[in-house]
Amino acid sequence: MSNFTIEKASLKEMDFLLAQARNEGWNPGLSDASAFYSTDPNGFFIGKLDGEKIGCISSVAYDANYGFLGFYIVIPKYRGKGYGLKLWNHAISHQETRSIGLDGVVAQQDNYKKSGFRFFYNNIRYGGKVKGLESKELIPINETFFQAIIDFDEPIFGANRSHFLKAWFQMPNSWGYAKKISGSLTGYGWIRKCHSGFKIGPLYAHDQETAREIFLALADRSHNSEIFLDVPQPNEEAIGLAEESGMRAVFETARMYKGIPPKQELKKVFGVSTFELG
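I will try to describe carefully the structure that is included in this document. This structure is a prediction, so every number in the text was calculated from the model and none was measured.

**A few points about helix H1 (residues 14–23)**
- Every buried residue of H1 is listed here: Met14, Phe16, Leu17, Leu18, Gln20 and Ala21.
- In the stretch just after H1, Gly25 is the one whose phi turns positive, near 85 degrees.

And the structure:
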């Protein structure tokens, strides 16, 4: 009889999770593994059948109240045999009493609803080449700004994610800019190299004008490569920014929550950080 086990992934084994995401066409960043793992080293799991890696899932805890699911993948030839459900149940139980978020493909909404998840809105991925514009009014993000950005980020995202952001800001092949007015942050954004093109995220700002300035400066770092921006559909100004830049919708996910969603400021979310971690 085959033996299926679920084990906590090591940092080295994150390569397996990222490889599966790439196989699914999710186009992860080149250096995502260490940043994701730093967020919650206990939140990544691999399913093994007789010792062979056949699936994975992440169940990251941001704090005592909120967690996020991602990387829910079973290698195609092992699907339909119940292994995915075992991974899923393990990830849900790992969150204990936390509210849980996820960005799921639209086709899986009904399955997630069976586990108590409710649909809240769609996130739309836009892609395309954008002519960037350098701005001397923006400040490159470095360690001296980390705490200010973490404080700015928390009410918008809905939870403190200092471990994630500190690692995110130190990835190679990535850059970020912040906007300050009268000494106060009004927006920030980040761009990273992916297997195909670049992804911008997060892109948080108090208003569309600030988001546009940061967005174009980040696009300038792509050197006319294709860029992707994941936009929450309820934020009409974010949709407008993507579309006015000539980007086209290429993919969408369903943002769903089990339990009480975190208090977010979606009007300030012009670019989701990552579908894997929210």
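**Let's talk about the nonpolar core**
- In terms of nonpolar packing, the biggest core is built from 46 residues, with Leu17, Phe44, Phe169 and Tyr188 touching the most fellow members.
- Sorting the residues of this core by element identifies H1, helix H2 (32–39), strand E2 (44–49), strand E3 (52–61), strand E4 (66–74), helix H5 (146–157), helix H6 (162–168) and strand E9 (184–193) as the ones contributing at least two each.
- Those residues in contact with Phe169 that lie beyond four places of it in its chain are Ile141, Phe146, Ile149, Tyr188 and Trp190.
- If you look at the next biggest cluster of nonpolar residues, it comprises 26 residues, including Val130, Tyr177, Ile191 and Phe270.

**Regarding the environment of Glu236**
- Within the fold, Glu236 resides in helix H8 (residues 236–244).
- The spatial distance from the C-alpha of Glu236 to the C-alpha of Trp190 is 21 Å, given a sequence separation of 46 residues.

**Observations concerning the pairing of E9**
- Among the 10 residues in E9, 8 count as buried, and that is most of the element.
- Looking at chain direction, strand E8 (residues 174–181) and E9 are connected through 8 bridges and run antiparallel. Pairing of Lys180 across the sheet is with Leu185, part of E9.
- Linkage of E8 to E9, two consecutive antiparallel strands, is achieved through a turn of 2 residues, within which Ser182 is found at a positive phi near 50 degrees.
- By the bridge criterion, 6 bridges tie E9 to strand E10 (residues 198–205) in an arrangement that is antiparallel. Bridge assignment links Lys193 to a residue of E10, and that residue is Phe198.

**Points about the environment of Gly132**
- Mapped onto the fold, Gly132 is located in the loop between strand E6 (118–129) and strand E7 (139–140).
- The spacing of Gly132 and Arg221 is 89 residues in sequence and 7.6 Å in space, taken between C-alpha atoms.
- Apart from residues lying up to four places away in sequence, Gly132 is in contact with Leu216, Ala219 and Asp220.

**Overview of the packing of aromatic side chains**
- Enumeration over the complete set of coordinates arrives at 21 aromatic pairs.
- With 5.4 Å between their ring centres and 45 degrees between their planes, Phe146 and Phe169 make a pair best called tilted. Separated by 23 residues along the polypeptide, Phe146 in helix H5 and Phe169 in the loop between H6 and E8 bring together distant segments of the chain. Considered together, Phe146 and Phe169 belong to a single accessibility category, that of buried residues.
- A network of ring pairs unites the aromatic residues Phe36, Tyr37, Phe44, Phe71, Phe164 and Trp168 as a single cluster.
- One cation-aromatic arrangement involves Arg161 over Phe157; the distance from NZ or CZ to the ring centre is 4.0 Å.
- Lying across the ring of Phe198, Lys193 places its NZ or CZ 5.4 Å from the centre.

**Topic: H5**
- For H5, which comprises 12 residues, the first-to-last C-alpha distance of 16 Å matches the rise-based estimate of 16 Å (1.5 Å per residue) to within 8%.
- For H5, the set of buried residues is Phe146, Ile149, Ile150, Phe152, Asp153, Ile156 and Phe157.
- In this structure, the buried residues of H5 make contact with E4, H6, E9, E10 and strand E13 (269–271).
- Gly158 lies just past H5 and shows a positive phi near 105 degrees.

Parameters and conventions
Residues numbered from 1 in each chain as written. Predicted model: local features only at pLDDT ≥ 70, side-chain atom pairs only at ≥ 80, totals over all residues. Heavy atoms only, no water. Buried < 20%, exposed > 50% of the residue type's maximum accessible area, 1.4 Å probe, protein only. Helix = DSSP H or I, 4+ residues; strand = E, 2+ residues; numbered from the N terminus. Core = buried A, V, L, I, M, F, W, Y, C linked by side-chain atoms within 4.5 Å. Contact = heavy atoms within 4.5 Å. Pairing = 2+ DSSP bridges. Phe/Tyr/Trp six-rings, centres within 6.5 Å; stacked < 30°, edge-to-face > 60°. Lys NZ or Arg CZ within 6 Å of the ring centre and 35° of its normal. Expected span 1.5 Å × (residues − 1).

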